[in-house]
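# Descriptive structure summary
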Amino acid sequence: MRLEEYVAQLDARYDADVRMPWSPATGPGYHTRVPEGARAHQTKQAADYAIALLRLGRADRAGEVLNALADLQVTDPLSAHYGIWGWFMEEPPEQMSPADWNWADFIGVRLAQVLAVHGRLLDPRVRRRVRAALHHAAMSVFRRNVDPGYTNIAVMGAVTAAAAGQLLHPGPPLAPGPTPRDVDDVPEFVDGGLLLDFGRRRLRAVLALHDEAGGFTEYNSPAYGRVVLEELERAALIVTDPAFRAVAEQLRELTWAALAERFHPGTGQLAGPMSRAYHDRIQPDLAAYLRAQTGAPVVAAEQTGAPIVAAEQAGRAAEPHVPREGSLQERPPQAPPLVVPPLLVPPLPCPRSIAERFRALPSVPYQVRTRFSSDTTGTSWFAEDACLGSADEEFAWVQRRPLLGYWRTPDDPAVVLRARMSLNGHDLSAAWCRQHQEGPRVLSAWWLSYDSGDFHPVLDRPAGSVFHVGDLRLSVTLRGRGVEARELGDGVFALRAGERQAVVHTAPARFLDRTRTWQAVNDDGEARVEVRLHQGPSTPLDFRQARLRAAFALELLAPGEQPGTAAVTGDHDGDGLLRWRWDGLRVSSPAEPTPFDR
């Protein structure tokens, strides 16, 4: 979308009485209580709108929006919500469920861009308010001091703090007249050196953790890899400190290298596993960015089936909308279209030495194994037309993709293969898996945890770990055009599309001392092999007692290849583990539920 078109669309939605554009609300089912599709005023979208207006030279309207944002920030340093905003004007942080402290980073870094790039365009009184707002946001970031493993927020907060440390210097005196709220002379209480040093140390900590672990904690994330790149590009735009810029450039190259390592040219997708994803396929905006910065012919696959609507399309990087009752669906059909911003930060090209990897695989077939953290190692296998990836241990949050593959067919550029555990229609954060992959073959074992959230791993933990269970199932799904599930016999199933098939080898599962068998299901645009562990009236269940024994093996076969004949077997050992085996692959899973934070 062109800048002028974006601004024109938000101009048409501008509410002069609140000095912000409105949009239909979207949310993940937590953090916000604003109803889905309701007319609301998003704070992050307002910050983007202000930047876009300033790029077009419209400082008066931008000033109105920036004053509105300053009014909505919590500025009391004794408040638990100091320095942050709500997602919506209609819902201040203290009314959220709970507040999102990342909004100090998301909006603070945009205010830093306003001052660094367009500050001279602003009325002095508006500029003073923006500087004060940036101070509060940067001090909130400083006070919170997130772990460097929270990759995108750690980087964004570092840029916010470093930019604030450089930008908050004395400005011209105020003109005579009434003093608006929050026009404090920021330099009187800001230690710019402290914030700049904090930003430097924060960014170095992200780099050190990457080097120690061998990868980013938020690994292989289409959404947040792009966010990290944008913030490092923003750093090049607004931070002048040489030490900070040097580390930022190192991280930018490492982020590009991480994306390239798992890019599959044959389908135009990132092979699994993924730590945080909002969609099963690369979206058009990311495809366009990759294409422009690498020169590779990256084209977004057309979406098939009902996609999860990403909240970042509504102007914020947050989790996808899942209604509280758990059914995955799009925004209400009467809701106006979401307005997606154009690039508001000048992009930087992918380093030439890395860009070529987006065009071709190093060899065929090709396998890469990466240690992302002390807890997680990812394996990805690539052929010309197919890829398959898995994590050796991971939980099944809606943003995770612990087992994910793609292949190209004559009818679909990328059918999507996934494993998932769902509770009442949504992905269950309390479910875990351990997996062993060699080439296009994976053995996957699953169990349940307690002291976990339901849809979110932390924010919606049920009291006493008692979950209300109406439908609990483990499934391997194939989505796309021309997909089909078929039973081959003896607990073996085929998920087919085009000339390839994923053959799923199963063993009967046991849940709450009841044995369950797997079945093939064909829906419109989706084929599944699944075991329904519980189905019936909603029943309260203490997950401390939720013993689960479930495993399957999967092999992704090329035309003419025959399925293996080995059976999936599992045995108890004396150490509280189930030892699973299949055709040379081995993996162990807990025989009893475990704490989520082990």
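Every residue gets a number counted from 1 within its own chain, in the order that chain's sequence is written. Side-chain atom pairs in this predicted model are given and counted only at pLDDT of 80 or more, local residue features only at pLDDT of at least 70, and totals for whole chains, interfaces and linings cover all residues. Heavy atoms from the whole structure form the basis of all side-chain values; hydrogens and water molecules are not counted.

## Focus on helix H7 (residues 192–213)
Only DSSP runs of H or I with at least four residues qualify as helices, and only runs of E with at least two residues qualify as strands; both kinds are numbered from the N terminus onward. Expected span of a helix: the number of residues minus one, times 1.5 Å. Between the first and last C-alpha of H7 there are 32 Å, a value that for 22 residues agrees with the 32 Å anticipated at 1.5 Å per step. For H7, the complete set of buried residues consists of Gly192, Leu195, Leu196, Phe198, Gly199, Arg202, Leu203, Val206, Leu207, His210 and Ala213. Take H7 and look down its axis: the buried residues cluster within an arc of 165°, on one side only. Looking at H7, the residues exposed on the side facing more than 90 degrees away from the buried face are Asp211 and Glu212. Here a residue-residue contact requires only that any non-hydrogen atoms of the pair lie within 4.5 Å. In this fold, the buried residues of H7 make contact with helix H5 (124–144), helix H6 (151–167), helix H9 (242–261) and strand E7 (366–371). Downstream of H7 by a residue or two, Gly214 has a phi angle that is positive, lying close to 100°. Exposed residues in this analysis have more than 50% of their type's maximum accessible area, buried residues have under 20%, and partly exposed residues fall in between, with area computed by a 1.4 Å probe over protein chains only. Taken from the helix axis, the directions to the C-beta atoms give the arc we talk about.

## Comments concerning unusual backbone geometry
The omega torsion across Gly272 and Pro273 is 0°, close enough to zero to call that bond cis. Note that Pro273 resides in the loop between strand E6 (269–270) and helix H10 (284–294). For the bond from Val364 to Pro365, the omega torsion is -10°, close enough to zero to count as cis. Positive phi is not limited to glycine here, since Asn220 has a value of about 45°. Relative to the assigned elements, Asn220 resides in the loop between H7 and helix H8 (222–238). The buried category is assigned to Asn220, whose relative accessible area is 7%. The backbone of Asp451 sits at a positive phi, close to 60°, despite the residue not being glycine.

## Some details on the side chain of Arg528
Relative to the helices and strands, Arg528 is located in strand E23 (residues 526–542). Separated by 2.9 Å, the side chains of Arg528 and Glu526 make a polar contact. By the criterion applied in these results, polar contacts are pairs of N or O atoms within 3.5 Å in which, for protein atoms, one can donate a hydrogen and the other can accept it, and in which residues neighboring in sequence qualify only through two side-chain atoms.

## Re the nonpolar core
Formed by 82 residues in total, the largest nonpolar core has its most connected members in Leu66, Trp85, Val130, Leu203, Phe244 and Leu251. Nonpolar cores were defined as sets of buried Ala, Val, Leu, Ile, Met, Phe, Trp, Tyr and Cys residues, with membership established by side-chain atoms within 4.5 Å. Ala396, Val476, Val531 and Ala546 belong to the second-largest nonpolar core, a separate cluster that totals 48 residues.

## Let's talk about the confidence of the model for the chain
Here the chain averages 90 in pLDDT, and 90% of its residues register 70 or above. Each residue carries a pLDDT value, the predictor's own confidence for that position, ranging from 0 to 100. Scored below 50 in pLDDT, residues 171–185 shows 31 contacts in the model against residues more than four places distant or in partner chains. In the predicted structure, residues 304–334 sits below a pLDDT of 50 and forms 98 contacts with residues beyond four places in sequence or in another chain.

## Points about the pattern of salt bridges
Throughout this description, the term salt bridge denotes a Lys or Arg side-chain nitrogen within 4 Å of a carboxyl oxygen of Asp or Glu. On inspection of all chains with the given rule, the structure shows 43 salt bridges. Taking the shortest distance from any N to any O, the salt bridge between Glu484 and Arg486 comes out at 2.6 Å. Residue class for Arg486 comes out partly exposed when judged on its relative accessible area of 39%. Bridged by salt links that share partners, the residues Asp471, Arg473, Asp523, Glu526, Arg528, Glu530 and Arg532 form one connected network.

## Comments concerning the pairing of E7
Across the two faces of E7 the burial differs, with Tyr366, Val368 and Thr370 buried and Gln367, Arg369 and Arg371 not buried at all. DSSP calls a pair of strands paired once it identifies at least 2 bridges connecting them. Bridge count for E7 against strand E8 (residues 377–382) is six bridges, and the pairing is antiparallel. Bridged to Arg369 within E8 is Thr379.

## Describing the packing of aromatic side chains
Paired rings are identified among Phe, Tyr and Trp, the last through its six-membered ring, by centres lying within 6.5 Å, and are further divided according to the angle between planes into stacked (under 30 degrees), edge-to-face (over 60) and tilted (the rest). Per the counting criterion, the structure on display carries 17 aromatic pairs. Ring geometry for Trp256 against Tyr289: centres 5.7 Å apart, planes inclined by 10°, an arrangement best described as stacked. Of the two residues, Trp256 sits in helix H9 while Tyr289 sits in helix H10, which places them 33 residues apart along the sequence. Each ring, one from Phe395 and one from Trp397, has its centre 6.4 Å from the other, and the planes form 15°; the classification is stacked. Each of the two residues, Phe395 as well as Trp397, counts as buried. Members of the aromatic cluster, joined through ring pairs, are Phe395, Trp397, Trp432, Trp447 and Phe596. We call a charge positioned over a ring when the NZ of a Lys or the CZ of an Arg lies within 6 Å of the ring centre and within 35 degrees of the ring normal. Here the basic side chain of Arg13 rests over the ring of Trp22, its NZ or CZ set 5.0 Å away from the ring centre. Sitting over the ring of Tyr289, Arg226 keeps its end group 3.6 Å from the ring centre.

## Things to note about the environment of Pro93
Relative to the elements of secondary structure, Pro93 occurs in the loop between helix H3 (59–72) and helix H4 (103–118). Considered as a pair, Pro93 and Leu72 are 21 residues apart in the sequence and their alpha carbons are 9.4 Å apart. For Pro93, the residues in contact, after removing those within four places along its chain, are Val74, His81, Ile84, Trp85, Gly86 and Ala99.

## What to know about helix H2 (residues 43–55)
Look at H2: 19 Å from first C-alpha to last across 13 residues, which is about the 18 Å you get at 1.5 Å a residue. Counting buried residues in H2 gives twelve out of 13 residues, a clear majority hidden from the surface. For H2, every residue scored as buried is listed here: Thr43, Lys44, Gln45, Ala46, Ala47, Asp48, Tyr49, Ala50, Ile51, Ala52, Leu53 and Leu54. Looking at the buried residues of H2, the elements they touch are helix H1 (3–12), strand E1 (14–15), strand E2 (20–21), strand E3 (23–24), H3 and H4.

## Thoughts on the packing of H5 against H7
At their nearest, the axes of H5 and H7 sit 11 Å apart, and the two run at 50° to each other. The pairing of H5 with H7 is recorded here as oblique in orientation. Judged by the sense of rotation from one axis to the other, the crossing of H5 with H7 is left-handed. The residues of H7 that touch H5, namely those facing Ala138, Met139, Val141 and Phe142, are Leu194, Leu195, Phe198 and Arg202. As a working rule, the residues Ala, Val, Leu, Ile, Met, Phe, Trp, Tyr, Cys and Pro are called nonpolar, Asp, Glu, Lys and Arg charged, and the rest polar, with Gly in that last group. Within the contact of H5 with H7, the residues separate by chemical class into seven nonpolar, no polar and one charged. Note on definitions: angles span 0 to 180 degrees between N-to-C directions of axes, and those axes are lines fitted to C-alpha atoms, for helices only across the stretch in contact. Oblique is the label for any angle not covered by the other classes, which are roughly parallel (under 35 degrees), roughly antiparallel (over 145) and roughly perpendicular (65 to 115). Note on convention: near helix rotated counterclockwise from far helix by under a right angle means a left-handed crossing. Clockwise means right-handed.

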